Amino acid sequence: MGNDKHIQPLICPSLRLGHLLPQGEKKNGKKQMQHIGRNIISLIFSRVSSGIVLFLIYTRLAQYLGPEAAGQYGLLAAYVTVFNFFIDLGMSQLVIKKISEDRTHASKYLSNYFTVQFILAVLFMLIMDFSVLLSNYPLYVKNALYVAGFGLLVSTLSLPARSVISAFQRLT
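Report follows, based on the coordinates.

The rules behind these values
Residues numbered from 1 in each chain as written. Predicted model: local features only at pLDDT ≥ 70, side-chain atom pairs only at ≥ 80, totals over all residues. Heavy atoms only, no water. Helix = DSSP H or I, 4+ residues; strand = E, 2+ residues; numbered from the N terminus. Expected span 1.5 Å × (residues − 1). Contact = heavy atoms within 4.5 Å. Buried < 20%, exposed > 50% of the residue type's maximum accessible area, 1.4 Å probe, protein only. Salt bridge = Lys/Arg side-chain N within 4 Å of Asp/Glu carboxyl O.

### Some details on helix α4 (residues 106–134)
(1) Moving on: Compared with an ideal rise of 1.5 Å per residue, which puts 29 residues at 42 Å, α4 spans 41 Å between its outermost C-alpha atoms and is within 8% of the ideal.
(2) Moving on: Buried residues in α4 make contact with α2 (29–88), α3 (91–101), α5 (139–156) and α6 (159–167).

So this is what it looks like as structure tokens:
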């Protein structure tokens, strides 16, 4: 116990950002932090502005469609949102992380992820279609849900490629 002089304290008041960066990057540390800060601010701004625009679009859409059609549109959006959530299961984030760590295995991750994504997309499309089949919605609502299920299948097949492209992005 008395020989703990080699243990550094967790909080060191003299620790600066420059101490954490490699020697060649100490000069660019401030610029990198400013770049990251600008990226965060632009991301927040884009999320807030897209939320405002979507709110305005949905309110106008509800006024245009009327109560019954707006409810049917909401049902369609709810089905797509729920089943889209279960198709990915967070795998895209995992693939992005793994490829970012080691880019040499990108083709292996892409093929495995595409295979799993295709199986899950077909499975959940069938589950969605079966639940729609058992429901007592009007025929045009059922047809719209079938088309949305197929569209969900097609759109989720692009997730593996988008994940690999995102993994190869340089964020700073």
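### Focus: the environment of I119
(1) Moving on: In this fold, I119 is placed in helix α4.
(2) Moving on: You can call I119 exposed: its relative accessible area is 53%.
(3) Moving on: With 32 residues separating them along the chain, I119 and I87 place their C-alpha atoms 9.2 Å apart.

### Section: the environment of V147
(1) Moving on: Inspection of the secondary structure puts V147 in helix α5.
(2) Moving on: Residues V147 and D129 lie 18 residues apart in sequence; the distance between their C-alpha atoms is 9.6 Å.

### Things to note about the pattern of salt bridges
(1) Moving on: Scanning the model with the defined rule gives 1 salt bridge in all.
(2) Moving on: Between K97 and E101 there is a salt bridge, with its nearest N and O atoms 2.7 Å apart. Taken together, the positions of K97 and E101, both in helix α3 and 4 residues apart, correspond to about one turn of that helix.

Worth remembering: the numbers are spatial, not functional.
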